[in-house]
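# Observations on the three-dimensional arrangement
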Amino acid sequence: MSSPNFKFKEKYVIDRVQFGVLSPSEIRKMAKVTVVVPQLYEADGSPVAGGLRDPNFGAIEPGERCPVCGNTREECPGHFGKIDLARPVIHPGFGDIIHSLLQATCRQCGRLKLPPERIAYLLNLIRRLRRRWPVLARQLAKEIKREAAQVMECPHCGTRQFKIRYTRPIYFYEERPEGEVRLTPINIRDRLERIPDDHIELLGLDPKRARPEWMVLTALPVPPLAVRPSITLETALKAEDDLTHALNEIVRTNLALREQLLGGSPESIVEAAWDRLQQLVAAYVDNELPNVGQITYKRKRPLKLLAQRLKGKEGRLRGNLSGKRVNFSARTVISPDPNISINEVGVPVDIAKILTIPMRVTPDNIEEARKFVVNGPDVWPGATHVYKADEDRKIDLRYNRNWKQLAESLKPGDYVERHLVNGDIVLFNRQPSLHRMSIMGHIVRVMSGRTFRLNLLVCPPYNADFDGDEMNLHVPRSEDAMAEARELLLVEKHILTPRYGGPIIGGRQDYISGAYLLTIKTTLLSKEEVVRILAATDYVGEMPEPAIIKPKPMWTGKQMISLHLPNDMNFRGKAKINAGNLMCGSIDCMNDSIVVVKNGKLLMGVLDKKGIGAEEPQNILHIMALEYGHNTVKNFLDNVFRMFIRVLEVKGLTVSYGDLEIPKEAREKIMKKIEEARNEVRKLIDEYRKGTLETLPGRTPEESLELRIIDVLNRLRDEAGSIAISYLDAFNDVFVMARTGARGSDINITQMSAMLGQQSVRGQRISRGFRTRTLPHFEQNDLSPEGRGFVSHSFVEGLRPTEVFMHAGAGREGLVDTAVKTSQSGYMQRRLINALQDLVVSYDGTVRDSYGNIVQFRYGEDGADPMLTYHGKPVDIDRIIESVRLHKVSIDSRKEVRK
Amino acid sequence: MIIEDNKRNLDSVLKAAEELLPRNLYEELVNKLNEVPNLTKNEKIEIVEETVRDFIAHMIQPGEPVGTIAAQSIGEPGTQMTLRTFHYAGLIEFDVTLGLPRLIEIVDAKREPSTPMMIIYLDERYKYDGEKAKEIARRLEYTMMENILDSINYIIGDRTLTITLDKDMMEDKGATTQMVLDALKRLKLGEFEIDEENPYVINVTLSEKVLPDEYLYDIKTYTNIVDKVKRAYLKGIKGIRRAIIRKDSRTGEYIIYTDGSNLEEVIRIRGIDYRKVRTNNIHEIARVLGIEAARNAIIEQIIDVLSNSGLDVDIRHIMLVADIMTWTGKIRQIGRLGVVGDKTSVLAKAAYEVTTKNLFEAAASGAIEEFMGVTESIIAGLEPPTGTGTIVTGVARSLIRKLNEVKEVNEFEFEHRERA
């Protein structure tokens, strides 16, 4: 479709770009100005003819007509100028190439220093190679160069050759027997001119588009003004672009050199000026070259010249061509909303009024379009612009406030630039965009407030939380962009991740605790509670049969889940709590730690992280997504998970200091363990001091001692932890959270209730600080646990000052590590993407790069899509056997999904 | 349905399945059909058909940008990886680079891993015998004179060099006095003999050639000679710094772990099972066993690193990385000097790392940018040739007429530019 914003329909598309070196005649031909005057402006402020701001460079002021092409600044493409250099200079970018050409060819006759037969043979070879294997052709050229460079006597004319020494980027010396002689650009140009075309080809260059003598400049192109605009400061002074400053220097020096040449100055003075010109031209191309003085502004800031404009992350290529700034996007803080669907995003009204979508007026939607126009730009849902097709005119509703009349005049074919409304699709993104789930399609829901709202279940793919995170929103505006977004990018199409074949969207934290509390055996719900919990979902239907009838009807939490499962679903899996004293091997499980769903009924097992959590392959969500489709999962996530939160509202989940305190008895047990470990360590140290400690093979006695001590102390921490945990109540919420995987781990509980344990830096006990000890609180050379960072207290008890210090040390290491890791892994990922991005599966099932080279004959050796696998396996035969044997129905539903 | 209904029987269905399914899946299917008891024939047919249907539904689609997906799948968990070196699989004797640094090393195709190591399995005769295993380990360990020396003494101006050996170290390393004598013979320092009083002391009389008269009082000459003696080769394989034996608690066999790697030499040692020798030096594998083996090694090592950090990445992504690194027949680095550097596109290379150098080279060689890849296409504002960019959408005239009764539509209206 085309809309007023895309009126520049692709008239021309870039097909190819040919690279080459400009010849002096081309430079002269395209130049509309020859710059000879270093002054920019006359006294009255008008540009000097023949200066760097000559009007012939192209129109840049509004209303100005270009004297060359007659266009205004919108149409005028800008025109190049030139500086005729008084003496030739080396182009610094081609220094390396010139060097290899000088080395490989004869200093006398200019031919490649190889026998004629060999040249003929190689020429044939390289021409054939270049078509199919450009990389190999490049390598061959390098080989030829190396071979020819070693010849010290020309096979054609017999002239003796000398070594060429090259100082980057512009100085060349010939090591003659009488001593080293500098080759001037004139000498070099002479030599390069003599090289025959065929021989240039052998060295990997294109003689038609890049004759080597063109790499020595005799005329310097001057870019048009549009490339180097000047800005007018408030003080009415004009500030010129860096390029203009540098060019100005070149013009001055060139002029001085010319005068010296005309005036017949002594050679040494001419040489000095010539070298200065050479240096300036080199710096003009790249202002960061070695052995070339930088051009600076007022002797301070180095100018940003040609190479600097292209290079680096903010340079033209990476900053403006590979990545661009866009319109129709928004960014603000995110906050949670568990009541919207996972594929929705709450958009603040203020933003909805700025982001717009072009709406083509048709007979069917003309009334709708009129409503938008009548509302104007300030009332949501309104419109900002109207495009009248027959007048070919865009009307801004902010200035033309005759909205009623405009609405009346709408005709099919017009466009209305309308506000974002509920149901539109947008792209939502959180940086760093590490995988494709970092940009997903969401359905707009306009809301009051100033933040984007998103469902908590989509936090895992974005890796988002709400401690101040900001996210970006982009509006697709063309019909095909919107269609693609709906077909490919919607959140529910990314529930499964291609990384490992499993769901990446799913519950975390409170959702897990809620699910657990709802599904444990002890949860029995009264009628009121059932109604309250079910009200969180869109369930419509009869109350299920109560599980218990007397003394009063009661329902189990599992029944609530079953109401929302597809009624032919089967599932079997272990729960996260299936560990420790709740371990169950077989299906005869008294601990409720094996989950069984049969015919859509949750028969046994609690739902915890393994059952409904994010990033847990082969859980209920995964099976549901593969066999019932993403819409089923989406509805399940939208309804059931809201129920889990409601359960917490009913039952409560809270943690206090008391939950972490352990009884005196347990504390005493731990103290005993600590004492034992201390003695053990003391013994080890004694043995070490006596020299009787058994060393580990290949380790020094010191290392052996450290490894042993660390081993003892880590064991101590684990033992203390398990003592503490064994004294915790089964309904203790800290314990519940750790066991179900909602938040926290055994180690966290250990550190809060029992002890922090050994603190380590770089995998070793803390040993640095003062010369012979970690802190002045300890004796010198103290190897005891405390002296080396062992913390025997818990967070509940409180830490001693030295312990706090050690703990902070270990904590700091963690912070530094994360900082280092992000930069390193970011760079690695950039390289991986650059290396692999062209690989695509073709219609014959092979993986090819963009030139058709086959990298894999069958993707992944089996052709399966990792996203659609059961954790790597494309088909789960056991599940198929089970469904075929027991439940014919589910086969039918699988067929349904595939359609 | 794979086969028309009237011809359905288990054999024909299975035959069709064999053609369609990957081999390991087909084998699994056949095994399961045989193992599971009480399946009727019709059920079996249904199972085979459903397996095929499921597999086809789970196949990758043409146009899928698998390269980008692989790169993201390996890169994304990078932030969750560890930075430090750890003991290899419970072996406290070794520190082995794991986590992010090792992963970067692999994709960098570094010539030598920062912590090279080998795992050597023994053949039947030696496997279960601790003594024999130890003997082999000793044969592997590269030992220089330095490792078993107690001291070397000399008096300036005197031609006698007194070498004292460390008995314990010799036993530990499995070196004999004979080895030392052989080594000294090779060094050609002059006459030497074992001391009469102590069998662990050897006296060497330096010859005129090694110590000319004019240097008789030059300390530097003496220290040079001592260094030479210290570095003298006794036994073992170059590059193997240490060899340690571990008994596998499950199989009861002895396995040798080495610090340092030299595949070429190690496979020649008698008594080791050359088919099972592993090393983490990928270039060595490519040199000795070929590029296919190197590809497998890359896959194996990346999996090893990822699983060690507890990360879960589908093997298909890792295979793709290994394939792009090796498909040319040589190991190529992921980066400027390898895969990216070999690209033909000027702009893709310029947008990657060394911008200006690439542009100048392109100019000199008269390169043509054809906008075939992703980066180039984005730069030129073209649709990249991946995903929906690989196909052309068009609307048939007849269809438009039917829908809108529009009369003037010329042939096909292509919304997208056609790509060759």
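Residues numbered from 1 in each chain as written. Chains lettered and ligands numbered in written order. Predicted model: local features only at pLDDT ≥ 70, side-chain atom pairs only at ≥ 80, totals over all residues.

### Describing the overall build of chain B
Looking only at helices and strands, chain B features 19 helices and 15 strands. In terms of C-alpha radius of gyration, chain B reaches 33 Å, well past the compact-globule figure of 22 Å for 420 residues. The contacts of chain B with a sequence gap of at least 6 include a subset with a gap of at least 24, amounting to 56%. (Helix = DSSP H or I, 4+ residues; strand = E, 2+ residues; numbered from the N terminus. Rg over C-alpha atoms; globule rule 2.2 N^0.38 Å. Contact = placed C-beta atoms within 7 Å.)

### Some words on the overall build of chain A
Each helix and strand counted, chain A has 29 helices and 35 strands in total. A compact globule built from 899 residues would reach a C-alpha radius of gyration of about 29 Å, whereas chain A, at 38 Å, exceeds it by more than 25%. On the principal axes, the C-alpha backbone points of chain A span a range of 120 × 100 × 65 Å. Burial status across chain A gives 39% buried among its 899 residues. Taking as baseline every contact in chain A between residues at least 6 positions apart, the subset at least 24 positions apart corresponds to 68%. (Buried ≥ 20, exposed ≤ 12 C-beta atoms within 10 Å, placed from the backbone.)

### Notes on the domain arrangement of chain B
As far as domains go, chain B holds domain 1 (5–57), domain 2 (66–115 + 280–342), domain 3 (143–235), domain 4 (346–385) and domain 5 (386–420). Each of domain 1 of chain B and domain 3 of chain B has a C-alpha centre, and these two points are 74 Å apart. (Domains from an automatic or database assignment.)

### Thoughts on the interface of chain A and chain B
Counting residues at the interface gives 90 residues for chain A and 93 residues for chain B. Here the element with the most residues in the side of chain A that touches chain B is helix 27 (residues 801–836) of chain A; it accounts for 14 residues. Grouping the constituent residues of the side of chain A that touches chain B by class yields 45 nonpolar, 23 polar and 22 charged. Pairing geometry for strand 1 (residues 17–18) of chain A and strand 13 (residues 368–369) of chain B, over two bridges, is antiparallel. (Nonpolar A, V, L, I, M, F, W, Y, C, P; charged D, E, K, R; others polar. Pairing = 2+ DSSP bridges.)

### A word on the sheet that holds strand 7 (residues 216–222) of chain A
Residue and element names in this part refer to chain A. One open sheet holds the three strands; their spatial order is 2-3-7, and the pairing between them is mixed. Of all the strands in the sheet, the pair left with one neighbour each is strand 2 (33–34) and strand 7. Pairing analysis gives six bridges linking strand 3 (residues 81–90) to strand 7, with the strands arranged antiparallel. Paired with Lys82 across the bridge in strand 7 is Pro221.

### Some remarks on the sheet that holds strand 26 (residues 571–574) of chain A
All names here are of chain A. Judged by pairing direction, the sheet is antiparallel, and its three strands sit side by side in the order 26-27-28 without closing on themselves. Two strands in the sheet have a free side with no partner beyond their single neighbour: strand 26 and strand 28 (601–604). Here the strands of the sheet are splayed against their neighbours by 20 degrees on average, with no regard to which way each runs. Of the strand pairs in this sheet, strand 27 (residues 594–598) and strand 28 are connected by three bridges, and their pairing is antiparallel. Its bridge partner being in strand 28, Val597 is matched across the sheet by Leu602. (Axes fitted to C-alpha atoms, helices over the stretch in contact; angles between N-to-C directions.)

### Section: the nonpolar core
Membership of the largest hydrophobic core comes to 148 residues, with the highest contact counts inside it found for Ile250 and Val281 of chain A together with Val66 and Val321 of chain B. In this structure Val321 of chain B touches Ala70, Ile74, Val107 and Ile302 of chain B, once residues within four positions along its chain are discounted. (Core = buried A, V, L, I, M, F, W, Y, C linked by C-beta atoms within 7 Å.)

### Remarks on the environment of Glu479 of chain A
Residue and element names in this part refer to chain A. Topologically, Glu479 is positioned in helix 15 (residues 479–489). By C-beta crowding, Glu479 is classed as partly exposed, having 14 other C-beta atoms within 10 Å. The spacing of Glu479 and Pro358 is 121 residues in sequence and 9.6 Å in space, taken between C-alpha atoms.

### So, the domain arrangement of chain A
Under the domain assignment, chain A is made up of domain 1 (26–88 + 222–319), domain 2 (93–219), domain 3 (329–502), domain 4 (514–651) and domain 5 (657–815). The straight-line distance from the C-alpha centre of domain 1 of chain A to that of domain 3 of chain A is 46 Å.

### Topic: the packing of helix 16 (residues 510–519) of chain A against helix 25 (residues 733–740) of chain A
Residue and element names in this part refer to chain A. Contact pair helix 16 / helix 25: the axes reach a minimum separation of 10 Å and the direction vectors enclose 100 degrees. Classed by the angle they form, the pair helix 16 and helix 25 counts as roughly perpendicular. Between helix 16 and helix 25, the contacting residues are Ile512, Ser513 and Tyr516 on the first element and Val736, Met737 and Thr740 on the second. Residues belonging to the contact of helix 16 with helix 25 are distributed by class as follows: four nonpolar, two polar and no charged. (Parallel < 35°, antiparallel > 145°, perpendicular 65-115°, else oblique.)

### Quick word on the environment of Val531 of chain A
Relative to the helices and strands, Val531 of chain A resides in helix 17 (residues 527–534). As for Val531 of chain A and Met543 of chain A, which are separated by twelve residues in sequence, their C-alpha atoms are 8.6 Å apart.

### Here we look at helix 4 (residues 134–150) of chain A
All names here are of chain A. End to end, helix 4 covers 25 Å across 17 residues, agreeing with the expected 24 Å (1.5 Å per residue, within 8%). Among the residues of helix 4, those classed as buried are Ala141, Ile144, Lys145 and Ala148. Seen end-on, helix 4 carries its buried residues on one side only, within an arc spanning 100 degrees. Counted as exposed and oriented over 90 degrees from the buried face of helix 4: Glu143, Arg146 and Gln150. Contact partners of the buried residues in helix 4: helix 2 (95–104), helix 3 (116–132) and helix 6 (197–202). (Expected span 1.5 Å × (residues − 1). Arc of directions from axis to C-beta.)

### What to know about the packing of helix 2 (residues 23–35) of chain B against helix 3 (residues 41–57) of chain B
All names here are of chain B. Helix 3 packs onto helix 2 with a crossing angle of 160 degrees between their chain directions and a minimal axis gap of 11 Å. One way to sum up the angle between helix 2 and helix 3 is to call them roughly antiparallel. The hand of the helix 2/helix 3 crossing is right-handed. Note on element contacts: helix 3 touches helix 2 through Lys44, Ile47, Val48, Thr51 and Phe55, opposite Leu25, Leu29 and Leu33. Of the residues in the contact of helix 2 with helix 3, the class split is six nonpolar, one polar and one charged. (Left-handed = near helix turned anticlockwise from the far one by under 90°.)

### Here we look at the confidence of the model for chain B
Of all residues in chain B, 90% have pLDDT values of 70 or greater, and the mean over the chain is 82. Taken together, the stretch residues 406–420 of chain B has pLDDT below 50 and engages in 20 contacts with residues farther than four places along the chain or on a different chain. (pLDDT = per-residue confidence, 0-100.)

### So, unusual backbone geometry
Residue and element names in this part refer to chain A. The omega torsion of the bond from Trp380 to Pro381 falls at -5 degrees, within 30 degrees of zero and hence cis. In this fold, Pro381 is placed in the loop between helix 12 (366–375) and strand 15 (383–388). Note the cis peptide between Lys550 and Pro551, where omega equals -5 degrees. Here Pro551 is to be found in the loop between helix 17 and strand 25 (555–556). Positive phi, normally seen in glycine, also occurs at Arg299, with a value near 60 degrees. A positive phi angle is found at Glu615, which is not glycine, with a value near 55 degrees. We classify Glu615 as partly exposed; it has 18 C-beta atoms within 10 Å.

### Considering the confidence of the model for chain A
Predicted coordinates in regions of low pLDDT should not be interpreted in detail. Per-chain confidence: chain A averages 88 in pLDDT, with 97% of residues scoring 70 or above. Note on residues 1–8 of chain A: pLDDT is under 50 here. Beyond four places in sequence and across chains, it has 15 contacts.

### Re the environment of Val89 of chain A
Residue and element names in this part refer to chain A. Take Val89: it is sitting in strand 3. The exposure class assigned to Val89 is buried, which follows from the 25 C-beta atoms found within 10 Å. Linking Val89 and Glu861, residues 772 residues apart in sequence, is a C-alpha distance of 57 Å. Sequence-distant contacts of Val89, defined by excluding residues within four places in its chain, comprise Pro185, Leu217, Leu277, Gln278 and Val281.

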